[in-house]
Amino acid sequence: MNFNANLSNINSISGNFDAKNYRFAIVVSKFNEFITNALLGGCLETLAKANADNKNISVVNCPGAFEIPYLVNQLAKTKNYDAIITLGCVIRGATPHFDYVAGQVASGIASLNLQHDIPIIFGVLTTDTIDQAIERCGTKAGNKGIDAAMAAIEMASLSATINRSKK
Ligand code: INI
């Protein structure tokens, strides 16, 4: 951060990107599978680079993005995970009920984040076109699966730090 304020005595809390001791669940939907597979690849590679242990990663495959919140809720209730990552792809051009599916999954995940004591990461692409989805799963505009993994590690680390400092 680039500013001139005096930070002495301020308790500044930041996460780190070491995934070694964390357990992750990844819920990935099969709808638009050629896109979601690429998101999953980016996500798993990033977790591996950050020292996550494969034994601590569960991948749950579901039919479509609409089903993701239900599974996240089930997984969160087990308390077996330090972060849950969601990956999916909803394309406006491909469905007349885009707004229902995309809206439902986004608001479902947002409310589950507050209901459970586990960070839940939104890695669901919601795009107007298939080309925009392709751009976001490893071509022009990066890979949203990588971003989701990074966010999951940082949030697991932040959550651990905050909970360690509970009085
Ligand atoms: N599911 C998606 O993940 N992406 C889509 O683009 C999509 N479209 O186009 O309809 C989609 N529909 C399926 C939906 O998520 C549920 O699986 C289905 O309605 C059964 O509940």
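What comes next concerns the included structure. Chains are numbered independently. Their residues run from 1 in the order of the written sequence. For this predicted model, a pLDDT threshold of at least 70 governs which residues receive local features, and a threshold of 80 or more governs which side-chain atom pairs are given and counted, while totals over whole chains, interfaces and linings are taken from all residues. Hydrogens are left out, water is left out, and the side-chain values use all remaining heavy atoms of the structure.

## So, the overall build of the chain
Then step 1. Helix and strand counts for the chain come out as five helices and six strands.
Then step 2. In sequence order, the secondary structure elements of the chain are arranged as β-α-β-α-β-α-β-α-β-β-α.
Then step 3. For a compact globule the rule gives 2.2 Å times the number of residues to the power 0.38, and the radius of gyration it is set against comes from C-alpha atoms. Relative to the compact-globule value of 15 Å for 167 residues, the chain shows a C-alpha radius of gyration of 17 Å, a close match.
Then step 4. C-alpha atoms of the chain, sized along the principal axes, occupy 55 × 40 × 30 Å.
Then step 5. We call a residue buried when its accessible area falls under 20% of the maximum for its residue type, exposed when it is over 50%, and partly exposed in between, using a 1.4 Å probe and counting protein chains only. With 167 residues in all, the chain has 41% of them scored as buried.
Then step 6. What makes two residues a contact is simply this: any of their non-hydrogen atoms within 4.5 Å. Considering only intrachain contacts with a sequence separation of at least 6, the fraction spanning at least 24 residues in the chain is 79%.
Then step 7. Each accessible area is a Shrake-Rupley estimate made with a 1.4 Å probe; only the visible protein chains count as cover when residues are assessed. As displayed, the chain offers around 9,600 Å² of accessible surface, 52% of which is attributable to carbon and sulfur atoms.
Then step 8. Positive charges come from Lys and Arg alone, negative charges from Asp and Glu alone, with His and the N- and C-terminal ends not counted. Charge coordinates come from a single atom per side chain, which is NZ of Lys, CZ of Arg, CG of Asp or CD of Glu. Once the 14 positive and 13 negative side-chain charges of the chain are each reduced to a mean point, those two points are 8 Å apart. Only DSSP runs of H or I covering at least 4 residues are called helices, and only runs of E covering at least 2 are called strands; the numbering of each starts at the N terminus.

## Observations concerning the sheet that holds strand S4 (residues 120-127)
Then step 1. For two strands to be treated as a pair, DSSP must find no fewer than two bridges joining them. Ordered by their spatial adjacency, four strands build an open sheet running S2-S1-S3-S4, and the pairing between neighbours is parallel. Of all strands in the sheet, those bounded by a partner on one side alone are strand S2 (57-62) and S4. Each adjacent strand pair in this sheet contributes to an overall mean axis angle of 15 degrees, direction not counted.
Then step 2. For strand S1 (residues 24-29) and S2, the ladder comprises six bridges, and the chain directions are parallel. Residue pairing in the sheet places Ile26 in a bridge with Val59 of S2.
Then step 3. Contacting S1, S2, strand S3 (83-91) and S4, helix H1 (residues 33-49) crosses the sheet at an angle of about 155 degrees to S3.
Then step 4. Across the sheet, helix H5 (residues 144-164) lies against S1, S3 and S4, angled at about 160 degrees from S4, the strand it touches most. Under this scheme, a helix contributes an axis fitted over its contacting stretch, all axes are lines through C-alpha atoms, and angles between N-to-C directions fall in the 0 to 180 degree range.

Shape is all these values report; function is a separate question.
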